[in-house]
Each structure stands twice: as C-alpha cells, then as structure tokens.
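Below are the chains, spelled out letter by letter.
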Amino acid sequence: MEINRKKMSYLNIKNVIKNYNNEDNIIKNLSLKVEKGEFLVIVGPSGCGKSTLLRMIAGLEDINSGEIEINGKIINNVPPADRNIAMVFQNYALYPHMNVEKNLSYGLKNRKIPKAEIATRVKDISKLLQIEDLLKRKPSELSGGQRQRVAMGRAIIREPKIFLFDEPLSNLDAKLRTQMRIEIRKLHDKLKITSVYVTHDQIEAMTLADRIVVLNSGIIEQVGTPDEIYHEPQSLFVSKFMGTPPMNIFKSKVYDNVANLFGKEMKLDRNINDNEVYIGIRPEDIYLEPIENSIKIEINIDMVEKLGSESLIYANIDNHNFIVKTNEKINKSLKSLYVYIKNEKMYLFSAKDEKLIKKQ
Ligand SMILES: Nc1ncnc2c1ncn2[C@@H]1O[C@H](COP(=O)(O)OP(=O)(O)OP(=O)(O)O)[C@@H](O)[C@H]1O
Ligand SMILES: [Mg+2]
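The following paragraphs examine the structure supplied in this document. (Residues numbered from 1 in each chain as written. Chains lettered and ligands numbered in written order. Predicted model: local features only at pLDDT ≥ 70, side-chain atom pairs only at ≥ 80, totals over all residues. Heavy atoms only, no water.)

### Quick look at the side chain of Gln222
Stated precisely, the cut-off is as follows: A run of H or I in DSSP becomes a helix once it reaches four residues, and a run of E becomes a strand once it reaches two; helices and strands are each numbered from the N terminus. What qualifies as a polar contact is a pair of N or O atoms within 3.5 Å, subject to a donor-acceptor requirement within protein and to the restriction that residues adjacent in sequence count only when both atoms come from side chains. Contact between two residues is taken to exist if any of their heavy atoms lie within 4.5 Å; hydrogens are not considered.
Assignment of secondary structure puts Gln222 in strand β10 (residues 219-224). Among the polar contacts made by the side chain of Gln222, one reaches the main-chain carbonyl oxygen of Glu232 at a distance of 3.1 Å. Apart from the residues lying within four places of it in its own chain, the contact partners of Gln222 are Ile212, Val213, Val214, Glu228, Ile229, Glu232, Pro233, Gln234 and Val238.

### Digging into the nonpolar core
Applicable threshold: Throughout this description, the term nonpolar core refers to a set of buried Ala, Val, Leu, Ile, Met, Phe, Trp, Tyr and Cys residues connected via side-chain atoms within 4.5 Å. The rule is simple: take the accessible area with a 1.4 Å probe, protein chains only, and divide by the maximum for that residue type; under 20% is buried, over 50% is exposed, in between is partly exposed.
Within the largest apolar cluster, 44 residues are counted, with the highest numbers of intra-cluster contacts made by Val41, Leu104, Phe163, Tyr197 and Ile212. Setting aside residues no more than four positions away along its own chain, Leu104 makes contact with Val122, Ile131, Leu135, Val150, Gly153, Arg154 and Ile157. Core analysis: the next-biggest nonpolar cluster, separate from the first, contains 30 residues, Leu268, Leu288, Phe322 and Met346 among them.

### Let's talk about the layout of surface pockets
As a reminder, the rule being used: Buriedness of a pocket was judged along seven lines, with at least five required to meet protein on both sides within 12 Å; pockets are open sets of points on a 1 Å grid over the protein atoms alone, cavities are sets where a 1.4 Å probe fits but cannot get out, and lining residues have an atom within 4 Å of a point. Grid points are joined across faces, edges and corners, and a volume is the space filled by probe spheres set on the points. Side-chain classes are defined by residue name, with Ala, Val, Leu, Ile, Met, Phe, Trp, Tyr, Cys and Pro counting as nonpolar, Asp, Glu, Lys and Arg as charged, and the others, Gly among them, as polar. By convention here, the domain bounds are inherited from an automatic or database domain assignment.
For the largest pocket, the calculated volume is near 580 Å³. If you trace the largest pocket, you find 25 residues lining it, with Ile85, Ala86, Met87, Arg154 and Arg158 closest to the centre. For the lining of the largest pocket, the secondary structure elements donating two or more residues are β6 (85-88), α2 (100-110) and α4 (144-156). The element best represented in the lining of the largest pocket is α2, accounting for six residues. Of the residues in the lining of the largest pocket, the class split is 18 nonpolar, four polar and three charged. As a volume, the second largest pocket reaches approximately 270 Å³. Considering the residues around the second largest pocket, the lining is formed by 16 residues, among which His231, Glu232, Glu344, Lys345 and Tyr347 are closest to the centre. When its residues are assigned to classes, the lining of the second largest pocket shows five nonpolar, two polar and nine charged. No fewer than three residues from each of domain 1 (5-236) and domain 2 (245-350) sit in the lining of the second largest pocket.

### Points about α4
Under the convention used in this document: Here the expected length of a helix is defined as 1.5 Å per residue gap, with one fewer gap than residues.
Between its first and last C-alpha, α4 extends 18 Å over 13 residues, near the 18 Å set by a 1.5 Å rise per residue. Among the 13 residues of α4, ten are classified as buried, and the element is accordingly described as predominantly covered. Where α4 is concerned, the buried positions are Gly145, Gln146, Gln148, Arg149, Val150, Ala151, Met152, Gly153, Ala155 and Ile156. Those residues of α4 that are buried lie in contact with β6, α2, α3 (115-128), β7 (162-166) and α5 (174-191).

### Observations concerning the pairing of strand β19 (residues 336-342)
Here is the rule we go by: Strands qualify as paired when DSSP identifies two bridges or more between them.
Burial analysis of β19 places five of its seven residues in the buried class, which makes it a mostly covered element. The pairing of strand β15 (residues 286-287) with β19 spans two bridges and is classified as antiparallel. Note that in β19 the partner of Tyr287 across the bridge is Tyr340.

### A short note on the environment of Glu284
Its place among the elements puts Glu284 in the loop between β14 (276-281) and β15. Of the residues examined, Glu284 reaches a relative accessible area of 33% and is grouped as partly exposed. Distance in space between the C-alpha atoms of Glu284 and Leu312 is 9.3 Å, their sequence separation being 28 residues. Once residues within four sequence positions are removed from consideration, Glu284 is found in contact with Tyr230 and Lys325. Of note is the side chain of Glu284, whose polar atom sits 2.3 Å from the side chain of Tyr230.

This is how it looks when you write it as structure tokens:
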C-alpha cells in the first residue's frame, strides 16, 4: 500500500504544562521532538502522565501552556478531528454490529471519501494486516489478536500523519503480544508513520523503539535509543526502571574515591565529590568466577529460579536483596556462593541528586 509521504510530518512539543482543575502540574514544562517516521516509545510508572501526554497531542485534552507543533504548524487550537492523528487504545472498541469491512470503512464514509477510493483502501489495508479472509465477520467472531488488527486497520486506513498508541497490547495474552509486537514493528517499517507508543512493558519498549522516553512524574528523565537507556542510564530512576530483574542498588560511603561495599574496600574509577553514592550492578554483570579488578563477596542464597538457558539467583548480603543472573548451571540446594563484582561494570549515582557520576 502506498501512503502519501508528503502528508507525513514530525511532532514538536514545546514547554508544555498541564494540570487538571488548577491542581499540581501533571506534565511539567515538557519538551520533546519526534522526527518524521520515527517510532518513539514512552515508558514510566503508572500515573506519570503518559496518557495525558498522548491525549494532548490528539487534542482530546487542553494544555495549560506551551505549544504543540505538527510539521511546523502550531496545533494548540486545532480540533481533534482536524489534526489527522489516529489513536489506538488498550480498549479498542469495534462496532459490534458491523462486520470487519464496515468497521474499517465507517470513518471514511463519514468523511465523504468516494466509494471506489474506500474500496481500494479496505483492500490494501486488509491485505497488509492479513485480515482479507475476515472481512465479512463480526468482531464477536474474531480472536483477540484479529480484533486488535482490525482496530489498527481502522486507524491506518485514515492515512494519519501521526499514530498514537496507548498500551494497545495489554489486553492480549503473552504469546499474542509478542506476535502483535513484531507485526506492529514490521508495519511501521513499511508505512513509516510517525508513532508515539506508550507501554508498561519493557521488552515492548526495547524492541519497538527507535528512541525511548522515560517519564517520571511529568518530567522526562532520559531520552535515548534502547541501548543508551539500558547501558547508559543517566539517573538512578532510569537504572531501576529498565531491566528485569532490576539493577541491584546499594548505598555506600566514599572516602578518597574508595567505596565500601559490604565491608570490602573498592577503589572507584571515578572522582567522587560526595561522601556517599549509590552503586548499581546489573544482575547479569555479576560473575561467579574470579575476575581481574573485582571484589569478592559471599552471598546467601534464598532461592534459585531456573529459566532454561539461564538461572536467577535470589540472594542476600547483610539483609540486602541481591539478584544474580547467570548462564552457569546452579545447584538448587546451594546455600551460599562467592560472586565477583567488577569495578567497570558498576554504575555510580550521586546520593544527593541521584544522577549518574560519569567517568572522566
Ligand atoms: N481527567 C482528569 N482529572 C483529574 N486528574 C486526572 C485526569 N486524568 C488523569 N488525571 C491524573 O493525572 C495523572 C496522570 O494520569 P495519566 O492517565 O496520564 O497517567 P499514565 O501515565 O497514563 O498512567 P497509567 O500507566 O496508569 O495509564 C494521574 O495522577 C491521574 O490521576
Ligand atoms: Mg495511561
């Protein structure tokens, strides 16, 4: 299917502030640019303002101050119907009494698009989404994944400038989610419609995104490629938010660039001005074999979880929980273990502002 590429544009959110009923700001002076054809994923805890942000882009919610631009034009006062933005929600409501074909074409009929044009678009879209054989069926005669595909089709058929997704897959079972996730990315690679996608699911975020935005209480914590967000988290919040199991975090006093981790002194590879830091270590960065430039720590094992190709060791040291992810075979009855933590694999965050302390 050919989507008219001239119609596509990018999105520029400038210093947007939003509150409801003059209460505390939900979105706090947020600025964000989405490039043409980009797939941007927003993640963040419940209530941080993800849906509010999408709804403001769509025009379903007013903004208190700031500007939203599409293709260089300020759209603050453009009504939702004239923004040419399509939105796919978690609860995609198809019309139950209409068959798939009618569900797809309904919006176009309302816009007075000629019949022949509608027929072509329905044909193209249903081929693209592989729902050609389902056109005569009612939504109740479809599986969850098929219904979700129809909902996507209904959004795409309008040839929108921008696609907004608000947790579109969260009602589906795990297998279907994976399948739909791959389909959405493939579809995006074909159509290249500028997309903003909200999800709770980290794997969805990592696999779908060109760039990820981590939102925390209406403020952007970090914007970056999936690799940057995972490997170079700029704050304690981002480091804790991305990664399953999450990063191990310990507070440590620092003196002369030497930290104290569970009674073991460790010379840090950074100049630390604070006298206290958070040390972060990803579960997969902990070694079970002796390794250079590392400290050796004994952990008490609470439980070993075998996941097939790898195991998770849930342990504790001095009553601090500690998780290790390993490919090595672990005996489930093991009570304790020595592990090795490497200096260069540690993330250090200031205990004051919780920002990453970079290597010089
Ligand atoms: N219409 C409204 N009136 C008042 N407060 C609202 C309204 N809609 C949302 N809020 C509040 O704004 C904040 C952000 O809500 P929002 O729905 O954007 O969060 P979210 O990040 O999408 O969360 P979730 O992941 O749970 O969907 C919440 O504290 C919510 O209670
Ligand atoms: Mg939401």
